[in-house]
Amino acid sequence: MNVASLNFHSWRGYLELMRPANIVTAWADILVGFAASGSGIIFAQLINGEASFTILIPLAWLLLATTGLYGGGVVFNDVFDAELDAKERPNRAIPSGRVSRENATLLGSILFAIGVIAAFQVSLVSGAIAIFITLSCLLYNSIAKHHPFFGPLNMGLCRGSNLLLGVSAVPAMIGERWYLALIPVIYIAAITAISQGEVHGGKKITGVLALLLIAIVLTAVLALGLLRDYAAIAALPFAVVLAIRVLPNFIKAAREPVAENIRTAVKIGVLSLIVLDATIASGFAGLYYGLFVLILLPFSVKLAKVFAVT
């Protein structure tokens with residue numbers, strides 16, 4: 001990759017491949033996992049002057065790890081889809097010629113390496129999860145995405161594992177909080193399922209199924225209140241915001257599964273991952289921590305206006 005020869009459009013092409021707005025949503029996964037590990041109390045300690053910022057070092061490594069892992073995953077999405085995109089989405093970075101397929105492959109590989117190395121700085125468990133995410137992303141991009149069932153499931157597993165990557169800040173908590181991964185698995189499965197029609201339109205049955213999965217997610221988030229250390233009351237305001245943002249768009253896409261409605265539902269659904277994460281995080285670490293996670297939303301929305309989400 002000859003850096004000296006790259007102009008502004010080339011750099012923009014590389015950034016487009018990485019989907020910056022989506023990477024911000026991956027940070028939110030890490031923050032909610034961090035809260036679920038019991039580390040959310042750290043923020044209260046910092047505010048009260050009872051702890052040093054050095055205790056946030058594992059969180060910093062995990063945020064870097066997810067940046068590399070998610071970035072690498074979406075870059076390879078376009079690498080594997082280069083020929084199809086040349087027909088359906090010629091404006092994307094690779095088919096438009098702004099980034100070569102070879103350079104995109106190199107970029108994706110570097111990002112994956114950064115993600116795995118950063119995760120191992122936290123623990124062996126974190127590193128193992130990062131390797132699993134890397135392999136899952138490659139499986140999805142190369143094979144699974146073309147299957148109507150295993151594609152959405154595979155993508156959901158990537159997101160669920162990303163949340164567990166955040167929990168791995170305290171490796172011993174993985175065994176206690178593994179079930180939280182099921183929530184993003186179902187949520188992303190819904191988005192991935194409906195996204196299969198974002199180019200040519202989809203089927204009503206797919207939209208109805210995706211809507212059902214979203215309803216299950218909302219129910220599950222509030223049902224977490226049955227846990228001894230989860231405050232559903234703190235999570236409720238965020239859950240309401242999530243429902244208001246997501247449900248109307250998915251209902252519209254289910255009723256009229258044309259490409260435009262589906263793309264809108266997918267975009268809102270992806271960005272609303274931050275709201276979902278804020279909902280869960282507030283239940284484990286309190287209202288203020290949830291608001292801290294939610295701050296990422298306007299940042300992601302702003303980036304989404306500059307760089308494509310899907």
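These figures come from a predicted structure and were not determined experimentally.

K.L.:
Outline helix H15 (residues 287-294), listing residues and values.
P.N.:
Burial in H15 covers these residues: Tyr289, Gly290 and Val293. Projection of H15 onto a plane perpendicular to its axis shows the buried side chains occupying an angular sector of 100 degrees, all on one side.

K.L.:
Kindly report on the UniProt feature "transmembrane region" (unreviewed entry) in the protein, identifying the contributing residues and their values.
P.N.:
UniProt records the feature "transmembrane region" (unreviewed entry) for residues 20-43, 55-76, 110-140, 178-195, 207-224, 230-247 and 268-297 in the present numbering. The distance separating the terminal C-alpha atoms of residues 55-76 is 34 Å; by composition the span is 91% helix and 0% strand. When the span residues 230-247 is considered, its composition is 89% helix and 0% strand, and the gap between its end C-alpha atoms is 24 Å.

K.L.:
For unusual backbone geometry, give the residues involved together with the corresponding values.
P.N.:
Residue arginine 19 is not a glycine yet carries a positive backbone phi of 50 degrees. Here arginine 19 lies in the loop between helix H1 (8-18) and helix H2 (20-39). For arginine 19, a relative accessible area of 4% translates into the label buried.

K.L.:
So what about the state of the cysteines? Which residues, and what values?
P.N.:
Across all of its chains, the model carries 0 disulfides by this definition. With no disulfide of its own, cysteine 137 lies closest to cysteine 158 among cysteine sulfurs, the gap being 4.0 Å.

K.L.:
Could you give me a rundown of the packing of H2 against H15, with the residues and numbers involved?
P.N.:
Closest axis-to-axis distance for the H2/H15 pair is 10 Å, and the angle between their directions is 165 degrees. Relative to H15, H2 is oriented roughly antiparallel. H15 is crossed by H2, and the crossing has right-handed handedness. Every residue of H15 that contacts H2 at Ala28, Leu31, Phe34 and Ala35 is listed here: Tyr289, Phe292 and Val293. Counted by class, the contact of H2 with H15 contains 7 nonpolar, no polar and no charged residues.

K.L.:
Residues and numbers for the packing of aromatic side chains, please.
P.N.:
Throughout the structure, instances matching the rule amount to 8 aromatic pairs. Ring geometry for phenylalanine 149 versus phenylalanine 150: centroids 5.1 Å apart, planes at 80 degrees, classification edge-to-face. With a centroid separation of 6.2 Å and an interplanar angle of 80 degrees, the aromatic rings of tryptophan 178 and tyrosine 179 are classed as edge-to-face. An aromatic cluster is built from Phe76, Phe80 and Phe112, whose rings are joined through pairwise contacts.

K.L.:
Now, about a nonpolar patch on the surface: what can you tell me, with residues and values included?
P.N.:
Among the surface-exposed residues, Ile57, Trp61, Leu64, Leu106, Ile110 and Ile114 lie close enough to one another that they form a single nonpolar patch of about 490 Å² accessible area. Secondary structure elements with two or more residues in the nonpolar patch: helix H4 (57-80) and helix H6 (101-120). On the secondary structure map, isoleucine 110 appears in helix H6. Looking at isoleucine 110, the relative accessible area reads 41%, which means it is partly exposed.

K.L.:
Explain the pattern of salt bridges to me, using residue names and the numbers behind them.
P.N.:
Taken as a whole, this structure holds 8 salt bridges when the rule is applied. Notably, a salt bridge pairs glutamate 16 with arginine 12, separated by 3.0 Å at the nearest N-O pair. Highlighted residues: glutamate 16 and arginine 12, both in helix H1, separated by 4 residues, approximately one helical turn. Under the relative-accessibility criterion, glutamate 16 is labelled buried at 18%. For arginine 12, a relative accessible area of 26% corresponds to the partly exposed category. Residue arginine 92 is joined to aspartate 78 by a salt bridge in which the shortest nitrogen-to-oxygen separation is 3.3 Å.

K.L.:
Describe the nonpolar core, and please don't skip the residues or the numbers.
P.N.:
If you look at the biggest cluster of nonpolar residues, it comprises 91 residues, and the most contacted ones within it are Val75, Leu165, Tyr187, Phe250, Leu276 and Ile280. Ranked by the residues each element gives to this core, the list is headed by H2, at 11 residues. Every residue in contact with leucine 165, bar those within four places of it in the chain, is listed here: Ile30, Leu62, Ala65, Leu69, Ala119, Ser126, Ile129, Ala130 and Ile133.

K.L.:
Report on the side chain of arginine 92, specifying residues and quantitative values.
P.N.:
Relative to the elements of secondary structure, arginine 92 occurs in the loop between helix H5 (82-88) and H6. Residue arginine 92 is classed as buried on the basis of its relative accessible area, which comes to 13%. The contacts of arginine 92, once residues within four sequence positions are left out, are Arg19, Asn77, Asp78, Asp85, Arg98 and Thr310.

Rules used throughout
- Numbers given to residues run from 1 along each chain, matching the order in which its sequence is written.
- The predicted nature of this model means local features are confined to residues of pLDDT at least 70 and side-chain atom pairs, given and counted, to a pLDDT of 80 or more, with totals for whole chains, interfaces and linings taken over all residues.
- Side-chain metrics in this entry use all non-hydrogen atoms of the structure; hydrogen atoms and water are not considered.
- Buried means the residue's accessible area, taken with a 1.4 Å probe over protein chains only, is under 20% of the maximum for its type, while exposed means over 50%, and partly exposed covers the values in between.
- A run of DSSP states H or I qualifies as a helix once it reaches four residues; a run of E qualifies as a strand once it reaches two. Both are numbered from the N-terminal end.
- To be clear, the arc concerns the directions from the helix axis to the C-beta atoms.
- UniProt positions are given in the numbering used here, feature names are shortened, and annotations may be inferred rather than shown by experiment.
- Sulfur atoms of two cysteines make up a disulfide when they are within 2.5 Å.
- With axes taken as lines fitted to C-alpha atoms, and helix axes fitted only over the stretch in contact, angles between N-to-C directions fall between 0 and 180 degrees.
- Note on angle classes: values under 35 degrees are labelled roughly parallel, values over 145 roughly antiparallel, values of 65 to 115 roughly perpendicular, and the remainder oblique.
- It is the rotation of the near helix from the far one that decides the hand of a crossing: anticlockwise by less than a right angle makes it left-handed, clockwise makes it right-handed.
- We call two residues in contact whenever any of their non-hydrogen atoms come within 4.5 Å of each other.
- Gly counts as polar in this scheme, as do all residues outside two lists: the nonpolar Ala, Val, Leu, Ile, Met, Phe, Trp, Tyr, Cys and Pro, and the charged Asp, Glu, Lys and Arg.
- Pairing of aromatic side chains here covers Phe, Tyr and the six-membered ring of Trp, requires ring centres within 6.5 Å, and sorts the geometry by plane angle: under 30 degrees stacked, over 60 edge-to-face, intermediate tilted.
- Without a salt bridge and with relative accessible area above 30%, a residue can belong to a patch; like charges are then joined within 9 Å and nonpolar side chains (Val, Leu, Ile, Met, Phe, Trp, Tyr) within 5 Å.
- Method for areas: the Shrake-Rupley scheme with a 1.4 Å probe, in which residue coverage is limited to the protein chains shown.
- Salt bridge, as applied in this entry: a Lys or Arg side-chain nitrogen positioned within 4 Å of an Asp or Glu carboxyl oxygen.
- Side-chain atoms within 4.5 Å link the members of a nonpolar core, which is a set of buried Ala, Val, Leu, Ile, Met, Phe, Trp, Tyr and Cys residues.

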